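# Fold and contact review
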Amino acid sequence: TVLPTHLPPDLLGTAAAPGVTAALDAALDEWIGSCLAAGTNYDDLLQELEGRLLQLLLPRFGHKPTHLARALAMNRATLRKRLRALGQALPPDDGD
């Protein structure tokens, strides 16, 4: 489970309301249950979850991997590599 404490402070802004966290936990639990029932393995589960997370985060940073990488305290090249591995469309290199 990804918790607010796992996210960098500048990405968080304010902590999610307990109801939102509970709803996320419930949705993840249901999703994980259906994936496991379908025979999905851990690596595929993790890849799917990471892909969805990055797909939701990228627009918040203007679809600029450099800005997202900075907010996540992640190397820009590493993030672009992860995005490519997950089959996400990449904008041209937005290096500073």
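Residues numbered from 1 in each chain as written. Predicted model: local features only at pLDDT ≥ 70, side-chain atom pairs only at ≥ 80, totals over all residues. Heavy atoms only, no water.

### So, the overall build of the chain
Per the secondary structure count, the chain includes five helices and zero strands. Traced from its N-terminal end to its C-terminal end, the chain shows the element sequence α-α-α-α-α. Each of the 96 residues in the chain was classed as buried or not, and the buried ones make up 22%. Here the analysis covers contacts within the chain between residues at least 6 apart in sequence; of these, 42% occur between residues at least 24 apart. Roughly 6600 Å² of accessible area belongs to the chain as shown, and the carbon and sulfur atoms make up 58% of that amount. (Helix = DSSP H or I, 4+ residues; strand = E, 2+ residues; numbered from the N terminus. Buried < 20%, exposed > 50% of the residue type's maximum accessible area, 1.4 Å probe, protein only. Contact = heavy atoms within 4.5 Å. Areas by Shrake-Rupley, 256 points an atom, 1.4 Å probe, with all protein chains shown as cover.)

### Describing the pattern of salt bridges
Think of it this way: side chains of opposite charge can pair up when their charged atoms draw near. Tallied over the full model, the rule gives two salt bridges. For Arg52, the salt bridge goes to Glu48, with nearest N and O atoms at 2.6 Å. With Arg52 and Glu48 both in helix α3 (residues 42-57), this residue pair falls four residues apart, about one helical turn. Using a relative accessible area of 43% as the deciding quantity, one classes Arg52 as partly exposed. Owing to a relative accessible area of 35%, Glu48 belongs among the partly exposed residues under this scheme. (Salt bridge = Lys/Arg side-chain N within 4 Å of Asp/Glu carboxyl O.)

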